[in-house]
Amino acid sequence: MATTHSRTLAQIMLFPSVVLLLAWMIVPLCMTLYFSFLDYNLLSPGTEEFIGFLNYEFFLTDPAFFASFFNTLLLVGGVLLITICGGIGLAILLDQAIWGRNYVRIMVLAPFFVMPTVSALVWKNMLMNPVNGLFAHFATLIGVDPVDFFAQVPLLSIIIIVSWQWLPFAALILLTAIQSLDREQLEAADLDGAGPFSKFFYIVLPHLSRAVTAVILIETIFLLSIFAEILVTTSGGPGYESTNITYLIYTQSLLQFDVGGGSAGGIIAVIIANIVAIFLMRLIGKNLEG
Amino acid sequence: MSAALSTSTALFMASAVNAETITIATVNNGDMITMKELSSDFEAKHPDIDLKWVTLEENILRQRVTTDVATKGGQYDVMTIGTYEVPIWGKQGWLTELDGLGPNYDEEDLLPAIRSGLSLNNKLYAAPFYGESSMVMYRKDLLEKAGLEMPTKPSWKFIRQAAKAMTDGDSGVYGICLRGKAGWGENTALITAMSNSFGARWFDENWKPQFNTQEWKDTLQYYVDVMEESGPPGASSNGFNENLALFQTGKCGMWIDATVAGAFVTNKKDSEVADKVGFAMAPDMDLGKRGNWLWAWTLAVPSSSKKADAAQKFISWATSKDYSALVAKEKGWAAVPPGTRTSLYENPNYMEAAPFAEITLASIESVDPKNPTVKPVPYVGVQFVAIPEFQGIGTAVGQQFSAALAGKMTVDQALANAQRLVERAMRKARYPK
């Protein structure tokens with residue numbers, strides 16, 4: 001039982017870390033905000049001047065902005081759909097008592113431990129390459145024209161690569177949830193003569209809803225800022241077909257060295273991320289309450 | 001005995017204490033890797049200087065050194081930069097004038113085209129490590145099989161005809177490989193150099209973008225058509241390295257790219273087609289300009305470096321005639337960094353070992369960065385426009401070109417987008433300045 005004294009002591013002791021954490025977040029954010037109102041290009045030093053909302057105007061009216069905004073939503077939505085559906089399927093499979101189950105689980109989890117750049121390189125050069133890739137080889141074997149993934153379906157290709165990486169994460173969380181399911185409920189359903197589909201839709205799926213919510217929230221945070229996979233495979237192209245907001249900000253800041261424009265983009269990305277977060281919390285966050 | 005030992009220990013300690021460490025940022029190209037390998041020679045000659053290497057991929061290197069030099073970070077003492085950066089950075093006061101290269105350096109021996117691109121007011125601000133233009137590399141056996149003969153100075157019309165004739169989809173041989181990967185140093189470099197020979201230009205004399213002209217339409221249409229007819233699948237993701245791999249494994253009939261690749265495609269260790277490669281000048285349209293570029297990877301000292309003297313000693317070693325001789329001794333004459341010194345092209349050993357040498361020299365000498373196109377332009381640069389904004393707009397335009405190549409938009413759409421985005425960027429940068 002905490003006394004008033006111990007509570008005050010705890011607050012005093014926590015104070016430095018809270019201040020440090022706040023400063024750590026607020027200082028860069030304030031600097032970004034300040035730079036976003038300047039005409040500031042690293043390559044033209046000494047010409048910085050206050051230009052009001054011009055950086056925001058240019059960023060928001062850029063044809064690449066709309067494309068990248070929709071691509072960001074598609075990317076997040078696509079990966080979530082694949083990882084949640086696939087994750088549930090995999091979790092159910094991994095829950096079965098099969099021989100060598102532990103080894104299978106480790107194999108399934110392996111992609112999560114591969115660095116994004118490495119997995120993107122492997123997919124680009126060894127699997128999806130239209131001349132030397134494995135998929136092209138199979139296509140040629142069955143007499144079909146190989147698909148040129150990164151030119152014909154660039155965004156879908158990135159969704160596939162990212163899903164491959166995040167599927168184990170979803171599967172792991174969902175498997176843990178399935179294992180926490182009370183087996184007696186399933187046995188009772190068996191006695192009542194429920195089929196596998198009824199058991200899945202009326203018992204397993206409702207039980208998984210909190211885990212699914214957690215997966216959606218955690219994945220969304222990371223998926224909004226997908227970068228390495230795009231840089232390695234398509235560099236946002238062809239055109240703007242696989243540019244997301246993060247990549248667009250990167251091109252402004254580090255390819256054009258336009259610190260002002262990049263900062264404005266950064267602030268806009270923060271606003272968009274917050275809108276998405278509020279929307280998600282309202283829509284599905286209530287699952288986590290209680 | 002013990003006195004001698006303690007004296008030598010003291011000397012060693014003194015030299016260890018006095019040793020200056022210089023940090024060299026360089027790109028992971030083959031010639032630079034060789035430089036790193038052979039740098040023990042430099043350290044043996046200069047025991048008072050230690051070398052620390054930072055070797056990076058081209059794009060990452062560019063980001064790191066640009067950020068470092070622009071923020072006066074002082075992280076690097078020697079930077080590997082290109083002919084695009086040198087005049088811009090020199091004018092900003094970001095580079096140290098190279099006046100400590102030593103009496104034996106022989107600055108006059110540097111090729112005039114390269115030297116002038118690296119000088120401001122006749123003073124050298126970067127020393128060329130290797131220089132390059134672009135040329136046609138082709139498979140002699142395939143062309144002969146197709147019943148054609150490559151002229152030394154081919155036209156774009158001939159290239160299209162030859163590419164078609166050499167293409168054999170069933171056996172996985174594609175007539176022509178060209179850069180398609182978006183980037184100002186990738187597809188934009190190739191297509192801009194191409195456009196010069198088609199009579200197109202980036203800007204008119206008033207800095208107005210020119211992508212809405214017929215000349216640009218002809219250039220991009222030709223590029224898309226020839227790649228569609230005779231290019232490999234997935235060309236919109238192919239850059240220099242991807243095309244090099246395709247050519248070395250016998251999948252390309254022709255490849256128009258950097259002259260420095262001459263050494264790689266004729267190297268028996270890496271290239272399956274080493275003894276079947278021929279070389280020709282970059283093509284033209286009979287308008288007086290050929291579609292070849294001019295580039296040099298150079299070594300420079302940022303003004304933020306506090307070890308400029310030691311850095312210049314290193315640069316002098318790495319870009320001297322003695323270094324060329326060292327590479328020749330260790331790796332053979334064909335591996336010597338090309339395109340920087342007249343004396344190399346007067347050396348019979350080199351000329352014999354490098355079948356691409358003559359075309360390389362002729363290509364480099366044929367380019368005038370101050371008059372790169374048929375019509376007059378307000379900028380300097382052959383395959384780039386030497387303004388700070390070009391890195392951004394060059395890559396953005398390259399994205400549009402790669403979308404046209406991938407069939408995601410028409411040539412007209414790509415050019416209209418390019419026109420609009422360059423106009424926007426120039427308005428934001430307040431041109432003309």
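Just above sits the structure.
Residues numbered from 1 in each chain as written. Chains lettered and ligands numbered in written order. Predicted model: local features only at pLDDT ≥ 70, side-chain atom pairs only at ≥ 80, totals over all residues. Heavy atoms only, no water.

Engineer: Talk me through the pairing of strand β7 (residues 134-139) of chain B; I want residue IDs and the actual numbers.
Structural biologist: Residue and element names in this part refer to chain B. Most of β7 is tucked away: six of the six residues are buried. Sheet analysis places β7 next to strand β9 (residues 252-258), joined by five bridges and oriented antiparallel. Bridged to S134 within β9 is A258. (Buried < 20%, exposed > 50% of the residue type's maximum accessible area, 1.4 Å probe, protein only. Helix = DSSP H or I, 4+ residues; strand = E, 2+ residues; numbered from the N terminus. Pairing = 2+ DSSP bridges.)

Engineer: Describe the sheet that holds strand β10 (residues 277-281) of chain B, listing the residues and the values that go with them.
Structural biologist: Residue and element names in this part refer to chain B. Spatially, the four strands line up as an open sheet ordered β8-β9-β7-β10, and their pairing is mixed. The strands lining the two open edges of the sheet, one partner per strand, are β8 (174-177) and β10. Averaged over all pairs of adjacent strands, the angle between strand axes in this sheet comes to 20°, irrespective of strand direction. Strand contacts of helix α8 (residues 156-166): β7, β8 and β9, with the helix running at about 140° to β9, the strand carrying the most contacts. (Axes fitted to C-alpha atoms, helices over the stretch in contact; angles between N-to-C directions. Contact = heavy atoms within 4.5 Å.)

Engineer: Account for the pattern of salt bridges, with residues named and values stated.
Structural biologist: Pairing is possible between side chains of opposite charge, provided their charged atoms come close. Considering all chains together, one arrives at 24 salt bridges over all chains under this definition. Residue D39 of chain A is joined to R430 of chain B by a salt bridge in which the shortest nitrogen-to-oxygen separation is 2.1 Å. Taken together, the residues D39 of chain A in the loop between α1 (4-35) and α2 (54-61) and R430 of chain B in the segment after α19 (411-428) connect one chain to another. Accessibility expressed as a relative area gives 41% for R430 of chain B, which makes it partly exposed. When salt bridges with common partners are traced through the structure, they connect D39 and E49 of chain A together with R430 of chain B into a single cluster. (Salt bridge = Lys/Arg side-chain N within 4 Å of Asp/Glu carboxyl O.)

Engineer: Can you lay out the interface of chain A and chain B for me, pointing to particular residues and giving the numbers?
Structural biologist: Taken residue by residue, the interface counts 34 residues in chain A and 35 residues in chain B. Where chain A abuts chain B, roughly 2,900 Å² becomes buried across the two surfaces, and 55% of that area is made up of carbon and sulfur atoms. When the buried surface of chain A facing chain B is broken down by residue, L43, F58 and V131 of chain A rank first, second and third, together holding 22% of it. Our count for the chain A to chain B interface comes out at five salt bridges. The interface formed by chain A and chain B holds 14 residue pairs in polar contact (both at pLDDT 80 or more) in total. In the side of chain A that touches chain B, the residues fall into 16 nonpolar, 11 polar and seven charged. (Buried area = accessible area lost by both parts, 1.4 Å probe. Polar contact = N/O pair within 3.5 Å; in protein donor to acceptor, adjacent residues only side chain to side chain. Nonpolar A, V, L, I, M, F, W, Y, C, P; charged D, E, K, R; others polar.)

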